[in-house]
Amino acid sequence: MKIDTISCKPIAGQKPGTSGLRKKTRVFMEPGYLENFIQSVFNAIDGAQGKCFVVGGDGRYFNRQAIQKILKMAAANGAAKVIVGQNGLLSTPAASNLIRKYKTDGGLILSASHNPGGIDEDFGIKYNVPNGGPAPENITAAIYDQTCSLSEYKIADEPIIDLGSIGERKMGEMIVDVIDPVADYKALMASLFDFVHIRNLFAGGFTMVFDAMHAVTGPYAKAILEGALGAPEGTVINAIPSEDFGGGHPDPNPVWAKGLMDLMMSTNAPYLGAASDGDGDRNMIIGRNAYVTPSDSLAVLAANAHFAPAYREGLSGIARSMPTSAACDRVAAKMHIGCYETPTGWKFFGNLLDADKVTICGEESAGTGSNHVREKDGLWAVLLWLNILAERREPVKDILLDHWKHYGRDYYSRYDYEAIPAEDANKLVDDLRAQLDSLPGKSFAGLKVTKADEFSYNDPVDGSVSTGQGLRVWFEGDARVVFRLSGTGTEGATLRVYLEQYVDTHGNHTQDPQVALKGVVAAMLEMTDLGNRIGRTEPNVIT
Ligand code: G1P
Ligand code: ZN
C-alpha cells in the first residue's frame, strides 16, 4: 500500500460545537478540509495505529466520498479495522451501539443531524469515544488544538472500497468490514422491549405513522416496525434515505414535520405519530390531537419506563439538559431517585450513564435516550412509547392528562431567532449577562424576577467544570426563561429562548401553551428589548 504524506497548513474554524464539527458542505469539500480534521482526531487520540473504528453517516450529500477519504486515512495511519455500514449508512444511535458492542476505539459519524443536506446545505462530522458517546470537552479541545497546528496528514493511495455489499475486504493491511447497518441495532431493541406485546398491539388494529423524513431511520423503522413488530406496510413513510432529505429539513418538530402534525390533528389520525431526524437520534411523539413536547415525553417515559422489560427494576436516576423543562424533576422526586441538570449537548450525559447515576436522559430539543447506548435515540423513544401503550392501552392524550394530574404541567416552548448577525447576538447575551445581578426584584411586563444566573456545570463524576452554559432568569409564579446561543448553526448566530411556566396539579392543564406562556413571553421581550436590538420580536421557529 502506498501512503502519501501530504504537507498542509492549519485550518481555522474547526472547533467542534455542541455536536461535532458542522459547516457548509462546500467547505467540507474544499481540498484538505476534511483531511485536516480527521488527521487531527487521530493525532488527538494518540494515533490510529492498531485501532478499530466504526464509520458511517446519515447518507447526506458527500457522505460516501467522505467515508472513502476516512478509510484511506485510517489505513495510512495504521488502523487495524474499520466497521462501516452498508452504503455508508449508520444512524447515530446504531453507530454508538456498534462502538460499544464490538469494543472498538471509537467512531466517526458523518452527519449534520437535523440540518438540511445537499451541496449547498450542511455537512458535519463527530468523533465518538470508546464508550459510544460523543467526545467530551477535553477531547474536542485536544482535536481543536491539533487542527490549529497540523502540518501534514497521511492518506493511502488506494482504490475506493465497495460499500454496496456486505462483507469483509481489505485496504492494505486494514480490514474494512461492511455490515448490515440495522441488524445489531434491531437485536438491541428486541432485548430492551417486549416485542410480543407490541406485536399484539398492532395485531389488534393499533395504527401509527412513522415519518423517517427521507433520512437514515427509514431502513431501521421499516425493519423493526413493519418487520419485527408486524405494523402494516406503509406505516413508515418517507423511508428511503436521500442525499438532500427530499429537499426538506429532517427535523422532527411541529414546524418541519407539519404534514404529520396536521394528520395527527385531523379526524383521520392514527393512534400514534412519530418522526425522527437526519441521523436518527431525535424523535417527535404525537398522539391523536395531542402533541407531546420533548420535555413532557422525557417525564412520561421516565414515569412509565417500568412497563418495558429493560427498566422493570426501576431507574437509577434521570438527567436533563438545563434548558429542558422541570417535568422530569418532578418524576424523579416522586421516585426518590437522583436528578441531574447538565449543559446542552448529549456529551454531558456520558459520565452520568457510565457511572450508573442515571438510566434515562433527555433534552428539550427532541432528544431522549437511556443507558443502552451513549447517544440520544429516536427509534428507542418511539419503541418505549409503543411498549407503554401496549401495556396501558390508553390514548396518548389520556396518558398526558393523567401525568399532569399527578405532577402538574410545565408549559413549555422554545423560540429560535435565526441568522442574527453574530455581533448583535453576542452583544445581546453579553449585556444580559452584565445585568444578571441587578435583575432580582425588578419587574417586566408585570412579572417580578426572583433569581438570575449563568449556568455552569460541575460534573459530579470527573469533577470537570463547564462554564458559560446559558443565562437563566426565574420569575415569581414558577416561570423561567433561559437564553443561549446555538452551537450547531452554520450561518450567523441563532438565539434560543426557552420559556417555561409551571401550573400545579390543581391548575388548568389544557391551555394552548402559547396562551399559557403569554405573560412570560411579554416579560422576556421587555427585559431584553429584543425588538430594538435585533429588529424583530417574532422568532423564525417556535417549538
Ligand atoms: C442543538 C440542541 C441540543 C442538541 C444539539 C445536537 O444544539 O439545542 O439540545 O444536543 O442540537 O442535536 P444547539 O444548536 O442549541 O447548540
Ligand atoms: Zn440528530
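Structure: see above.
Let me begin by describing the structure that accompanies this report. (Residues numbered from 1 in each chain as written. Chains lettered and ligands numbered in written order. Predicted model: local features only at pLDDT ≥ 70, side-chain atom pairs only at ≥ 80, totals over all residues. Heavy atoms only, no water.)

**Focus: the side chain of Ser413**
Then step 1. By the element assignment, Ser413 lies in strand 19 (residues 409–420).
Then step 2. Judged by its relative accessible area of 0%, Ser413 is buried.
Then step 3. Here Thr543 takes part through its backbone oxygen, which lies 2.9 Å from a polar atom of the side chain of Ser413. (Helix = DSSP H or I, 4+ residues; strand = E, 2+ residues; numbered from the N terminus. Buried < 20%, exposed > 50% of the residue type's maximum accessible area, 1.4 Å probe, protein only. Polar contact = N/O pair within 3.5 Å; in protein donor to acceptor, adjacent residues only side chain to side chain.)

**Concerning the coordination of the zinc ion (ligand 2)**
Then step 1. Only Ser113 (OG), Asp277 (OD), Asp279 (OD) and Asp281 (OD) from the protein coordinate the zinc ion (ligand 2), and they sit 2.0 to 2.1 Å from it.
Then step 2. Coordination at the zinc ion (ligand 2) is irregular: its four donor atoms span angles of 86 to 162° at the metal.
Then step 3. For Asp281, a relative accessible area of 3% corresponds to the buried category. (Donors = N, O, S within 2.8 Å, 3.2 Å for Na, K, Ca; no water. Tetrahedral: all angles 85-135°; square planar, octahedral: opposite > 155°, others 65-115°.)

**A look at the sheet that holds strand 13 (residues 283–287)**
Then step 1. Strands sit in the order 11-10-12-13-14 across an open sheet of five strands; the sheet is mixed. Two strands close off the open sheet at either side, each with one partner strand: strand 11 (236–237) and strand 14 (290–292).
Then step 2. As paired strands, strand 10 (residues 208–211) and strand 12 (residues 272–276) are joined by four bridges and run parallel to one another. Paired with Met208 across the bridge in strand 12 is Leu272. (Pairing = 2+ DSSP bridges.)

**A short note on helix 17 (residues 518–528)**
Then step 1. If you check which residues of helix 17 are buried, you get Val520, Val521, Ala523, Met524, Met527 and Thr528. All buried residues of helix 17 fall inside an arc of 165° around its axis, so they share one side.
Then step 2. Positive phi appears at Asp529, one or two residues downstream of helix 17, with a value of about 55°. (Arc of directions from axis to C-beta.)

**Observations regarding the pattern of salt bridges**
Then step 1. On inspection of all chains with the given rule, the structure shows 33 salt bridges.
Then step 2. Each of Arg320, Asp329, Glu341, Asp453, Arg472, Arg480 and Glu500 takes part in one network of salt bridges that share partners. (Salt bridge = Lys/Arg side-chain N within 4 Å of Asp/Glu carboxyl O.)

**Remarks on helix 3 (residues 63–76)**
Then step 1. Between its first and last C-alpha atoms helix 3 spans 20 Å; for 14 residues at 1.5 Å apiece the expected length is 20 Å, and the two agree.
Then step 2. Within helix 3, 11 of the 14 residues are buried, leaving the element largely enclosed by the surrounding structure. (Expected span 1.5 Å × (residues − 1).)

**A look at the nonpolar core**
Then step 1. With 73 residues, the main nonpolar core has Met189, Phe193, Met208, Phe210, Trp380 and Leu386 as its most contacted residues.
Then step 2. Contact partners of Leu386, with chain neighbours within four places excluded, come to Ile198, Leu201, Phe202, Phe206, Met208, Leu225 and Leu272.
Then step 3. Judged by nonpolar contacts, the second largest core, of 43 residues, contains Leu34, Ala66, Phe123 and Ile161. (Core = buried A, V, L, I, M, F, W, Y, C linked by side-chain atoms within 4.5 Å. Contact = heavy atoms within 4.5 Å.)

**Some words on the sheet that holds strand 2 (residues 21–24)**
Each strand in a sheet pairs with its neighbour through backbone hydrogen bonds, running either in the same direction (parallel) or in the opposite one (antiparallel).
Then step 1. Read across the sheet, seven strands follow the order 2-6-5-3-4-9-8 without closing on themselves; strand pairing throughout is mixed. Either end of the sheet is taken by a strand with one partner, and the two such strands are strand 2 and strand 8 (167–171). When strand polarity is set aside, the average angle formed by the axes of neighbouring strands in this sheet is 20°.
Then step 2. Relative to strand 6 (residues 122–128), strand 5 (residues 107–110) runs antiparallel, the two sharing four bridges. (Axes fitted to C-alpha atoms, helices over the stretch in contact; angles between N-to-C directions.)

**Some words on the site of ligand 1**
Then step 1. Near ligand 1 lie 15 residues; those nearest to it are Thr18, Ser365, Gly487, Thr488 and Arg496.
Then step 2. Ser486 has a polar side-chain atom sitting 2.6 Å from an oxygen atom of ligand 1.
Then step 3. For ligand 1, the protein covers 99% of the area, taking 380 Å² as the surface of the free molecule.
Then step 4. Of the residues in the shell around ligand 1, the class split is no nonpolar, eight polar and seven charged. (Near = heavy atom within 4 Å. Areas by Shrake-Rupley, 256 points an atom, 1.4 Å probe, with all protein chains shown as cover. Nonpolar A, V, L, I, M, F, W, Y, C, P; charged D, E, K, R; others polar.)

Scope: geometric values only; no functional claims are made or implied.
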